[in-house]
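Survey of secondary and tertiary structure
Chain residues, written in single-letter form:
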Amino acid sequence: MNGICALCKKSAKLKDSHFMPKAVYRSISKGFPEHGQNIVWITGSDKSAAYTDKQAKKHLLCESCELKFSKNGEDKVIHFMARPNGFKLATKIKKFKKRSNIKDDTWYFPSSDEIAKSFMYFAISIAWRLSATDWSAFGIPETKNSIREESMSAFSDFLLGNTDLPTNTYLAVYVDNQIVDTPSMGFPTVKNHEGYQHIVFNIPGIKLSLLAGNNPGAGIREAFSPTNVYFVSSSLKTHPDYHFMVNFIKNESVAKGRLLKERRKNV
Ligand SMILES: [Zn+2]
């Protein structure tokens with residue numbers, strides 16, 4: 001399919017781009033068959049939820065931009081997430097330099113600029129995909145332009161390689177310090193604040209929490225200094241969303257998944 005690439009704006013043959021990396025779907029469904037048929041996503045601040053094993057894809061990017069996304073983000077980050085054969089980032093974070101304890105969380109400096117940049121690139125590439133187009137056909141409503149123009153423009157410059165890091169953008173990578181027995185993936189949600197937006201999504205064992213905007217306030221600027229990427233060892237199970245998600249998987253999505261399969265058989 002020919003069209004205009006949503007990132008570089010060149011006329012090109014467009015790839016059928018995934019919203020969330022294919023490798024994440026594959027890892028969850030192959031490694032954790034008990035959850036695997038229902039890749040869960042949670043959407044909206046009203047905690048409305050749905051699940052799907054349908055992979056959200058769209059003709060969005062040219063080959064060169066698609067390649068940037070995999071090379072600079074996905075390829076470097078995916079092997080760190082919780083997988084059936086281990087959770088690399090949970091091991092690695094223990095060797096990072098400790099910064100401080102905040103409540104039950106421990107904040108760490110990234111071990112290198114490269115790892116900080118890879119996680120930033122990955123997080124931004126997912127956030128950008130949310131706001132760059134409409135995903136309502138996949139049950140995710142009102143995504144287009146959900147991220148403010150000033151941030152989207154900083155994101156695009158960074159993704160294209162024009163800047164070293166996106167301006168006014170901060171990332172906390174939460175790494176689960178408990179056993180990841182319910183691996184899941186969640187599409188990003190955006191919470192609006194004056195001066196900045198909070199964009200959160202997760203892949204197995206990891207929650208990526210982005211703050212972006214022209215005026216995040218002194219507290220956030222101070223927390224994200226001297227680096228704008230931190231890794232946080234945290235119990236993701238104590239996060240309120242977690243219980244909601246687990247109950248949802250246990251009580252609803254599994255039952256509905258069975259129903260759906262039976263229905264398909266009957267068609
Ligand atoms: Zn392009």
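The residue count restarts for each chain, going from 1 along the sequence in the order it is written. For this predicted model, a pLDDT threshold of at least 70 governs which residues receive local features, and a threshold of 80 or more governs which side-chain atom pairs are given and counted, while totals over whole chains, interfaces and linings are taken from all residues.

Considering the overall build of the protein
Comment: elements are numbered from the N terminus, with helices defined as DSSP H or I runs of at least four residues and strands as E runs of at least two. When helices and strands are tallied, the protein shows eight helices and 14 strands. Taking all 267 residues of the protein together, 39% fall into the buried category. Think of it this way: build a C-beta for each residue from its backbone, and any pair within 7 Å is a contact. The contacts in the protein between residues at least 6 apart in sequence include a share of 69% that link residues at least 24 apart. With C-beta atoms placed from the backbone, a residue counts as buried when 20 or more other C-beta atoms lie within 10 Å of its own, as exposed when 12 or fewer do, and as partly exposed for counts between those limits.

Brief notes about the confidence of the model for the protein
How sure the predictor is of each residue is captured by pLDDT, a score from 0 to 100. For the protein, mean pLDDT is 84; residues scoring 70 or higher make up 81% of the total. At the low end of the mean pLDDT range in the protein sits helix 8 (residues 240–266), at 48; at the high end sits helix 6 (residues 149–160), at 98. With pLDDT under 50 throughout, residues 252–267 is counted as low confidence; its partners more than four residues away or in other chains account for eight contacts.

Some remarks on the pairing of strand 11 (residues 186–193)
Relative to strand 12 (residues 196–203), strand 11 runs antiparallel, the two sharing six bridges. If you follow Asn-192 over to strand 12, its bridge partner there is Gln-197. As consecutive antiparallel partners, strand 11 and strand 12 are separated by two residues, and within that stretch Gly-195 has a phi angle of approximately 85°, a positive value. Two strands are said to pair when DSSP picks up at least two bridges between them.

Quick word on the nonpolar core
By size, the foremost hydrophobic cluster in this structure holds 63 residues, and its most contacted members are Phe-119, Ala-123, Ile-124, Ala-127, Leu-171 and Val-173. Sort the elements by how many residues they give to this core and helix 5 (residues 113–132) lands first, with twelve residues. Discounting residues that sit within four places of it in the chain, Val-173 has contacts with Phe-119, Ile-206, Leu-208, Phe-231 and Val-232. A set of buried Ala, Val, Leu, Ile, Met, Phe, Trp, Tyr and Cys residues, joined through C-beta atoms within 7 Å, is what we mean by a nonpolar core.

Notes on the environment of Met-81
Among the structural elements, Met-81 can be located in the loop between helix 3 (63–77) and strand 6 (82–83). Exposure remark for Met-81: the 25 C-beta atoms within 10 Å place this residue in the buried category. Spatially, the C-alpha atoms of Met-81 and Ser-27 are 9.8 Å apart, while their sequence positions differ by 54 residues. Setting aside chain neighbours within four positions, we find Met-81 in contact with Leu-89, Ile-203, Pro-204, Gly-205 and Ile-206.

So, the pairing of strand 8 (residues 98–102)
Moving residue by residue along a regular strand, the side chains alternate between the two faces of the sheet. Among the five residues of strand 8, zero are classified as buried, and the element is accordingly described as predominantly exposed. Counted between consecutive antiparallel strands, the loop separating strand 8 from strand 9 (residues 105–108) contains two residues, among which Lys-103 sits at a positive phi close to 55°.

Here we look at the sheet that holds strand 10 (residues 169–176)
Here we have seven strands laid out as an open sheet, ordered 8-9-14-10-13-12-11, and mixed in their pairing. The outermost strands of the open sheet, each flanked by one partner alone, are strand 8 and strand 11. Ignoring strand direction, the axes of neighbouring strands in this sheet form an average angle of 20°. As paired elements, strand 10 and strand 13 (residues 206–212) share seven bridges and run antiparallel to each other. What sits directly across from Tyr-170, in strand 13, is Leu-211. Lines fitted to C-alpha atoms define the axes here, with helix axes fitted over just the stretch in contact, and angles between the N-to-C directions of these axes take values from 0 to 180 degrees.

A look at unusual backbone geometry
For the bond running from Ser-225 to Pro-226, omega is 10°, close enough to zero to count as cis. Relative to the helices and strands, Pro-226 resides in the loop between helix 7 (218–223) and strand 14 (229–234). Of note in this structure, Lys-9 is not a glycine but carries a positive phi near 65°. Relative to the helices and strands, Lys-9 is located in the loop between strand 1 (2–4) and strand 2 (11–18). Located in the positive-phi region is Asn-168, a residue other than glycine, with phi close to 50°. Tracing the backbone through its elements, the reader meets Asn-168 in the loop between helix 6 and strand 10.

Focus on the packing of helix 3 against helix 5
Relative orientation of the contacting elements helix 3 and helix 5 amounts to 110°, with a least axis distance of 8 Å. As the angle between them shows, helix 3 and helix 5 are arranged roughly perpendicular. The element helix 3 and its partner helix 5 pack so that their crossing is left-handed. Taken together, the residues of helix 5 that come into contact with helix 3 (itself represented by Phe-69, Asn-72, Gly-73, Glu-74, Lys-76 and Val-77) are Ser-118, Phe-119, Tyr-121, Phe-122 and Ser-125. Basically, the charged four are Asp, Glu, Lys and Arg, the nonpolar ten are Ala, Val, Leu, Ile, Met, Phe, Trp, Tyr, Cys and Pro, and anything else, Gly included, counts as polar. Residue composition of the contact of helix 3 with helix 5, by class: five nonpolar, four polar and two charged. With respect to orientation, any angle under 35 degrees is reported as roughly parallel, any angle over 145 as roughly antiparallel, any angle of 65 to 115 as roughly perpendicular, and every other angle as oblique. Crossing handedness: left-handed means the near helix sits turned counterclockwise from the far one by under a right angle, and right-handed means the same turn made clockwise.

Observations concerning the sheet that holds strand 1
By definition, the strands of a sheet pair up through backbone hydrogen bonds, in either a parallel or an antiparallel sense. Taken together, three strands build an open sheet; the order of strands is 1-2-5 and the sheet is antiparallel. With partners counted over all chains shown, the strands left at the sheet margins are strand 1 and strand 5 (57–62), one partner each. Strand-to-strand, the axes of this sheet are offset by a mean angle of 65°, without reference to chain direction. Across the sheet, helix 3 is in contact with strand 2 and strand 5; its angle to strand 5 comes to roughly 105°.

Observations concerning the packing of helix 5 against helix 6
Two elements in contact, helix 5 and helix 6, have axes separated by 10 Å at closest approach and are oriented at 130°. In terms of their interaxial angle, helix 5 and helix 6 are classed as oblique. In this structure, helix 5 meets helix 6 at a crossing whose hand is left-handed. Listed contacts from helix 6 to Ile-124, Ser-125, Ala-127, Trp-128 and Ser-131 of helix 5 are Met-152, Phe-155, Ser-156, Phe-158 and Leu-159.

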